[in-house]
Every structure is written in C-alpha cells, then in structure tokens.
Amino acid sequence: MGMQDQMKDKAKQAADKAKQAAGKAKDEASQRASKGRERADDETRRAQQEEQDRFDMDYDA
C-alpha cells in the first residue's frame, strides 16, 4: 500500500469519525430540546392547575 493510499484511508477515517460525532451531537441536542419542552409543558400545566385551584377556592367560600 502506497503512502497516497494510507493518506486516503486516514482522511476517510477522519471524515467518518466527524460524521459520527456530528450525528451524536445532533441527537443529544434533540434530546435536550425535547426535555426542555417537556419541562415547559409541566410548568404550564402546574400554573394552570394552581390558577384553577385559586379560582375554585374563591367560589367555594
């Protein structure tokens, strides 16, 4: 195997490794975004429930 072939192999390996790293980073970012949306939804539901509870207490009295 010549030096040129070795360099091509190393370049291909580096490119493959970069693609894998980019894919992994994209997956992690997607997971973090999903968790952030879930947390925001939970906070919204909790705020709505608290508001409903206060409303109910006002009319129960």
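Quick summary incoming for the structure in this document. Just so it is clear, the model here is predicted, and its values are computed rather than measured.

Conventions and cut-offs
Residues numbered from 1 in each chain as written. Predicted model: local features only at pLDDT ≥ 70, side-chain atom pairs only at ≥ 80, totals over all residues. Heavy atoms only, no water. Helix = DSSP H or I, 4+ residues; strand = E, 2+ residues; numbered from the N terminus. Buried < 20%, exposed > 50% of the residue type's maximum accessible area, 1.4 Å probe, protein only. Areas by Shrake-Rupley, 256 points an atom, 1.4 Å probe, with all protein chains shown as cover. Lys, Arg positive; Asp, Glu negative; His and termini not counted. Charge placed at Lys NZ, Arg CZ, Asp CG, Glu CD. Salt bridge = Lys/Arg side-chain N within 4 Å of Asp/Glu carboxyl O. Patch = residues over 30% accessible without salt bridge, like charges linked within 9 Å, V, L, I, M, F, W, Y side chains within 5 Å.

**Points about the overall build of the protein chain**
- If you tally the helices and strands in the protein chain, you get one helix and zero strands.
- In terms of overall dimensions, the protein chain has a C-alpha envelope of 90 × 10 × 5 Å along the principal axes.
- Relative to its 61 residues, the protein chain shows a buried fraction of 0%.
- Only carbon and sulfur atoms are counted for the fraction: they give 50% of the accessible area of the protein chain, which is about 5900 Å².
- Distance from the positive charge centre (14 side chains) to the negative charge centre (15 side chains) of the protein chain: 15 Å.

**Brief notes about the pattern of salt bridges**
- Overall, the coordinates contain three salt bridges when judged by the stated rule.
- For K12, the salt bridge is made with D16, and the minimal N-O distance between the two is 3.5 Å. Separated by four residues within a single helix, K12 and D16 lie in helix α1 (residues 3-60), roughly one turn from each other.
- Here R45 and D42 are joined by a salt bridge, their closest N and O atoms 2.5 Å apart. Of this pair, R45 and D42 both sit in helix α1, three residues apart, which is roughly one turn of that helix.
- Judged by relative accessible area, which is 38%, D42 ranks as partly exposed.

**What to know about a negative patch on the surface**
- Together, E50, D53, D56 and D58 give the surface a local cluster of negative charge.
- Relative to the helices and strands, D53 resides in helix α1.
- Residue D53 is classed as partly exposed on the basis of its relative accessible area, which comes to 37%.

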